[in-house]
Amino acid sequence: NLKYSREYANSKKLIKKNWDATFINKMIPLSGFIKNSDAFKFYQLNGIHLQLMMNEDLEYEEQMPTRAAMKRQGTGILKIAAIFLERLKQMKVFDNSLIFIVGDHGSGMSVASINPSPYGANFNRSGPYKGYFKNFKTAGIPLILVKRIKSTGELRISDAPVSLSDIPQTVVEELGLNAKFPGKSMFSVKENEERVRIYRAFLGSQENSEYLAPLYEYSINGFSWNDTSWQETGNIYYANPK
């Protein structure tokens, strides 16, 4: 009895082909709770990582890595998230849970550029990543969804300048823990707040490398979708094998 019951039924054909579909089909029948017990849960899903092989209806469909295709698979992934949240409501643990649904990064592909403009041509003219600004910009804008404990009402969209690095401080403040981390609680950041965020990007696989590739640093102040909010700091961090 789910809002996306049709899509959930479709996803059964993707078991062992797509990790996210496999996850939700295991989670629904196996999930439960222990009374009077706190818990921390972390789930890592595939999202819109390549290869794209699922559509918005949670059906198998191989797609080319275009922005339109990423949005279609991304819509399917969000429906999986909705099924997950609905199951938490059925178990009556949704209201008293602090929930983050985030991407570890954006797409990282220039074909998925967000608000590209001629201004972007000013970036990455030299250094180790010539011409890669559009890739780094899309990689630097992950999805961030967060629900407070006991919050009610419909999903609201906010342009508050938050970042993934704000998650630890958000957690300790929401749970009333005696700890301090860099960043701010996401719920204390105003939408029109002047706030610089630092983002360091790199390119290349790290599977066969002992050290990270060079980290190329940007500062972002303003709406992150706009090229004009971005600046190169001039800092490039190289690994020091010594």
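These remarks concern the structure in this document. Nothing here was measured: the structure is a model prediction, and the numbers come from that model. (Residues numbered from 1 in each chain as written. Predicted model: local features only at pLDDT ≥ 70, side-chain atom pairs only at ≥ 80, totals over all residues. Heavy atoms only, no water.)

1. A look at the sheet that holds strand S6 (residues 215-221)
Now for step 1: With antiparallel pairing, three strands are arranged side by side in an open sheet as S5-S6-S7. On the outer flanks of this sheet lie strand S5 (196-201) and strand S7 (230-237), each paired with one strand and no other. Across the sheet, the mean angle separating the axes of adjacent strands is 25° when strand polarity is ignored.
Now for step 2: Direction of pairing for S6 relative to S7: antiparallel, over a ladder of five bridges. Considered in S7, the bridge of Ser-219 is made with Gln-231. (Pairing = 2+ DSSP bridges. Helix = DSSP H or I, 4+ residues; strand = E, 2+ residues; numbered from the N terminus. Axes fitted to C-alpha atoms, helices over the stretch in contact; angles between N-to-C directions.)

2. Looking at the pattern of salt bridges
Now for step 1: What the rule picks out here adds up to 11 salt bridges.
Now for step 2: Between Asp-57 and Arg-6 there is a salt bridge, and its shortest N-O distance comes to 3.4 Å. Of the two residues, Asp-57 sits in the loop between strand S1 (52-54) and strand S2 (60-63) while Arg-6 sits in helix H1 (residues 5-11), which places them 51 residues apart along the sequence.
Now for step 3: Arg-72 is the salt-bridge partner of Glu-61, the closest N and O atoms lying 2.9 Å from each other. Pair noted here: Glu-61 is in strand S2 and Arg-72 is in helix H3 (residues 67-90), with a separation of 11 residues, a long-range link.
Now for step 4: For Arg-72, a relative accessible area of 27% puts it in the partly exposed group.
Now for step 5: Overlapping salt bridges bring together Arg-6, Glu-7, Asp-57 and Lys-79 as one network. (Salt bridge = Lys/Arg side-chain N within 4 Å of Asp/Glu carboxyl O. Buried < 20%, exposed > 50% of the residue type's maximum accessible area, 1.4 Å probe, protein only.)

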